[in-house]
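# Residue-level structural notes
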Amino acid sequence: MKALYITDEIDTCDCCGRTDLKATVAMQLSDGGILHYGRTCAARNSGKTSQQITKEVRAERDAAHGRTMNHLADLRRSGVVLTRQIMREVATSYRADVD
């Protein structure tokens, strides 16, 4: 299992069913599926500590940011005039990679 991101948009744990959580951790399964676990369930089911989960989430966020910046640089080099809308769409597409 790999921790991808933390969201407050989903407040129910797919593991234990607890509701009204402040946030859940999106966990990518080995088959590519995504489940949202509370922080405790994420740590227990992955065999990692909460701190390790947080580090994985930060690493994935940083990687998505790097992919976004590389794509924008490629667009600039190809002569595309970057507008805020284009930048927003590119950034959203890379965040969606982990959704």
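Let me sum up the structure you'll find in this document. Nothing here was measured: the structure is a model prediction, and the numbers come from that model. Just so you know, the residues in each chain are numbered from 1, in the order the chain's sequence is written. In keeping with the model being predicted, local features are shown solely for residues with a pLDDT of at least 70 and side-chain atom pairs are shown and tallied solely at 80 or more, while totals for entire chains, interfaces and linings include all residues. Side-chain calculation: all heavy atoms of the structure are included, whereas hydrogens and water are not.

## Structural notes on the packing of helix α1 (residues 39-46) against helix α2 (residues 50-77)
Applied cut-off: Whenever a helix is involved, its axis is fitted only over the stretch in contact; in every case the axis is a line through C-alpha atoms, and angles between N-to-C directions fall within 0 to 180 degrees. Helix and strand labels come from DSSP, where a helix needs a run of H or I of at least four residues and a strand needs a run of E of at least two; each type is numbered from the N terminus. For classification purposes, an angle smaller than 35 degrees is called roughly parallel, one larger than 145 roughly antiparallel, one from 65 to 115 roughly perpendicular, and anything else oblique. When checking whether two residues touch, look at their non-hydrogen atoms; a contact exists if any pair is within 4.5 Å. Gly counts as polar in this scheme, as do all residues outside two lists: the nonpolar Ala, Val, Leu, Ile, Met, Phe, Trp, Tyr, Cys and Pro, and the charged Asp, Glu, Lys and Arg.
In contact at an axis separation of 9 Å, α1 and α2 are set at 95 degrees when each is read in the N-to-C sense. The orientation of α1 with respect to α2, classified from their angle, is roughly perpendicular. Packed against α1, whose contacting residues are R39, A42, A43 and S46, the element α2 presents S50, I53 and T54 at the interface. Taken together, the residues of the contact of α1 with α2 break down into three nonpolar, three polar and one charged.

## Let's talk about the nonpolar core
Buried together is how nonpolar side chains tend to be arranged in soluble globular proteins. We apply this condition: In plain words, nonpolar cores are sets of buried Ala, Val, Leu, Ile, Met, Phe, Trp, Tyr and Cys residues tied together by side-chain atoms within 4.5 Å. Relative accessibility under 20% of the residue-type maximum defines a buried residue, over 50% an exposed one, and the middle range a partly exposed one, all with a 1.4 Å probe and only protein chains included.
Of all hydrophobic cores here, the largest spans ten residues; its members are A3, C13, L21, V25, M27, Y37, C41, A42, I53 and V57. Among the secondary structure elements, those contributing two or more residues to this core are β2 (24-28), α1 and α2. Residue contacts for C13: discarding those within four places in its chain leaves R18, L21, H36, Y37, G38 and C41.

## What to know about the pattern of salt bridges
Should the charged atoms of two oppositely charged side chains come close, the side chains can pair. Note the threshold: Just to be clear on terms, a salt bridge is a Lys or Arg side-chain nitrogen sitting within 4 Å of an Asp or Glu carboxyl oxygen.
Summed over all chains, the structure comprises five salt bridges. Close ionic contact of K2 with E60 constitutes a salt bridge, the shortest N to O distance being 3.3 Å. Residue K2 is located in strand β1 (residues 2-7), and its partner E60 is located in helix α2; the two are separated by 58 residues in the primary sequence. Classification of K2 as partly exposed rests on a relative accessible area of 37%.

## Thoughts on the environment of Y5
To be explicit about the condition: Distance and chemistry together define a polar contact, namely a pair of N or O atoms within 3.5 Å, with one atom able to donate a hydrogen and the other to accept it when in protein, and with adjacent residues in sequence counting only for side-chain atoms on both sides.
You can see Y5 is positioned in strand β1. At a separation of 3.5 Å, a polar atom in the side chain of Y5 contacts the side chain of H36.

## As for unusual backbone geometry
Here the phi dihedral of D20 falls at roughly 60 degrees; this positive angle occurs in a residue that is not glycine. With respect to the element layout, D20 can be found in the loop between β1 and β2. For D20, a relative accessible area of 66% gives the class exposed.

## Describing the sheet that holds β1
Note the threshold: Two strands pair if DSSP finds at least two bridges between them.
Strand order in this open sheet of three strands is β1-β2-β3, and the pairing throughout is antiparallel. Only two strands of the sheet have a single partner each, and these edge strands are β1 and β3 (34-37). Strand-to-strand, the axes of this sheet are offset by a mean angle of 30 degrees, without reference to chain direction. Bridge analysis of β2 against β3 gives four bridges, and the strand direction is antiparallel. Bridging across to β3, V25 finds its partner in Y37. Packing of α2 onto the sheet brings it into contact with β1 and β2, and relative to β1 it is tilted by some 80 degrees.

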